[in-house]
Amino acid sequence: MTTKIKKKGILKQLAKDLESHPEVRRFGSGWLSGFFAIVMAIAGLGMVFALRFPDWFATPELEAVKQWTGFRGAIHLLLLGSYALALLSLLLRPRKILGFTALAIGIFAAILGGANVQPEDTRSWGIFFGLDFFIVNMVITGLMFAPLERLVPHRRSQRLFRIEWREDLFYYLVSSMMVQALTFLALAPSNALVANTNSWDAFRAAVASIPWIMQFVIVLFLTDLVQYWFHRTFHRFPFLWGFHAVHHSSKSMDWLAGSRMHFIEIILLRGITSLPMMTLGFSPSVLQAYIAFVYIYSSLLHANVKGDFNWLGHWIATPRFHHWHHGLEREAFDVNYAIHFPVIDKIFGTFHLPESRWPENYGIPEDVPKGYLKQFAYPVTRKQPDYGDLE
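Residues numbered from 1 in each chain as written. Predicted model: local features only at pLDDT ≥ 70, side-chain atom pairs only at ≥ 80, totals over all residues. Heavy atoms only, no water.

Engineer: Can you walk me through the nonpolar core in this structure?
Structural biologist: Within soluble globular proteins, side chains that are nonpolar generally end up buried alongside one another. Of all hydrophobic cores here, the largest spans 28 residues; its most connected members are Val 48, Ile 75, Phe 134, Met 138, Tyr 172 and Trp 255. At the level of elements, helix H2 (31–52), helix H5 (71–92), helix H6 (97–112), helix H7 (131–151) and helix H8 (165–177) are the ones that each hand at least two residues to this core. Beyond its immediate sequence surroundings of up to four residues, Trp 255 is in contact with Met 138, Thr 141, Gly 142, Phe 145, Ala 146, Glu 149, Tyr 172, Ser 299, His 302, Ala 303 and Asn 304. (Core = buried A, V, L, I, M, F, W, Y, C linked by side-chain atoms within 4.5 Å. Buried < 20%, exposed > 50% of the residue type's maximum accessible area, 1.4 Å probe, protein only. Helix = DSSP H or I, 4+ residues; strand = E, 2+ residues; numbered from the N terminus. Contact = heavy atoms within 4.5 Å.)

Here it is in structure tokens:
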């Protein structure tokens, strides 16, 4: 019992220090070195786990990266860097929790074998959890957008570790580590359609012969058109809105907020958008480029970055365009469903982008519960709100 209380106390201290006011995070306070020490230690530990238990935690598609001769050297440098920054944080910062946490994670990675870890003989169930996929995604998108939100923020007062950041980070973890299950379920309709449409082979060959860049643009437009009606349908019908309300429940917008999506909605969305991509004959490299592009672009649309882009926002989706979709004001309801091309909203009468204005607040006027499990059950437990149908 005492151990549990102590662990809970340590986690509370860590969260408190991470969420501390920007004034006590200034350069030279030891906060930055402690924060980056933790990030590097977690990234190193995740990769050590993936190398030690490849049957359980490694994504096969990333195997080529791990075969790179400098990969283990990079992990070694990552862990050494975390040690150095942790020690610097311990020297500079009155609160030692950041430095000690980073050291503990780094030492645990070293005990597991560090950069020289060898694969453990484990029973393969044919199921894996993409821990390495999560680490790669988090490091790439985090290093891309977290600094951008500090350099050119729309809301300067919004912290990096804002309210609900832990919840959204957990969503990011689940969607990354469940990549195998998500991919299998999402691609099942496309695979079934391809298997039963051999007569389309000539058409698919013609599509594959289109110049690469044109294929990419066509895929962007086709998937956006499909997503528009998928998105709009989830706003229209109360039961489906219960799934999508989870995504809209975030009261702050930043690059991590886009990861808050109900597991079922992710499967359905990926499944329906994969149909035009997988079944019409587009080149595999185009599909891979599209997936990478969407991961990054979705983070950008939700990011806390400024820029009115009054003219551009009418033709290409910008953060301000998508922020209006998440706005709490009445004028923000049921607008801007497109992900890439606002012209689709213009065609169907749902475009809304008042010049140089942003929403005042974000979220929805209904009480979506806190916590992943409660939000997972929300489509079933949801009661009709008093304000009437949002849809």
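Engineer: I would appreciate a short explanation of the packing of aromatic side chains in the present structure.
Structural biologist: This model, assessed by the stated rule, comprises 25 aromatic pairs. Centroid distance Phe 49 to Phe 53: 5.9 Å. Interplanar angle 40°. Geometry classified as tilted. By relative accessible area, which is 14% here, Phe 53 ends up buried. Counting every residue linked through ring pairs, the aromatic cluster contains Trp 31, Phe 35, Phe 36, Phe 161 and Trp 165. Lying across the ring of Phe 237, Arg 236 places its NZ or CZ 5.6 Å from the centre. Positioned above the aromatic ring of Phe 351 is the side chain of Lys 346, whose terminal nitrogen or guanidinium carbon lies 5.0 Å from the ring centre. (Phe/Tyr/Trp six-rings, centres within 6.5 Å; stacked < 30°, edge-to-face > 60°. Lys NZ or Arg CZ within 6 Å of the ring centre and 35° of its normal.)

Engineer: Just checking my understanding: could you explain the pattern of salt bridges for this structure?
Structural biologist: Pairs may arise between side chains of opposite charge once their charged atoms sit close together. All chains considered together, the criterion is met by 9 salt bridges. Where Arg 162 meets Asp 168, a salt bridge forms, and the shortest distance between an N and an O atom there is 2.8 Å. Residue classification places Asp 168 among the buried residues on the basis of a relative accessible area of 0%. Between Asp 254 and Arg 162 there is a salt bridge whose closest N-O contact spans 2.7 Å. Here Asp 254, found in the loop between helix H12 (238–248) and helix H13 (263–279), pairs with Arg 162, found in the loop between H7 and H8; they are 92 residues apart in sequence, far enough to count as distant. In this structure, Asp 254 and Arg 162 share a single accessibility class: buried. Through salt bridges with shared partners, a single ionic network connects Arg 162, Glu 164, Glu 167, Asp 168, Asp 254, Arg 260 and Lys 370. (Salt bridge = Lys/Arg side-chain N within 4 Å of Asp/Glu carboxyl O.)

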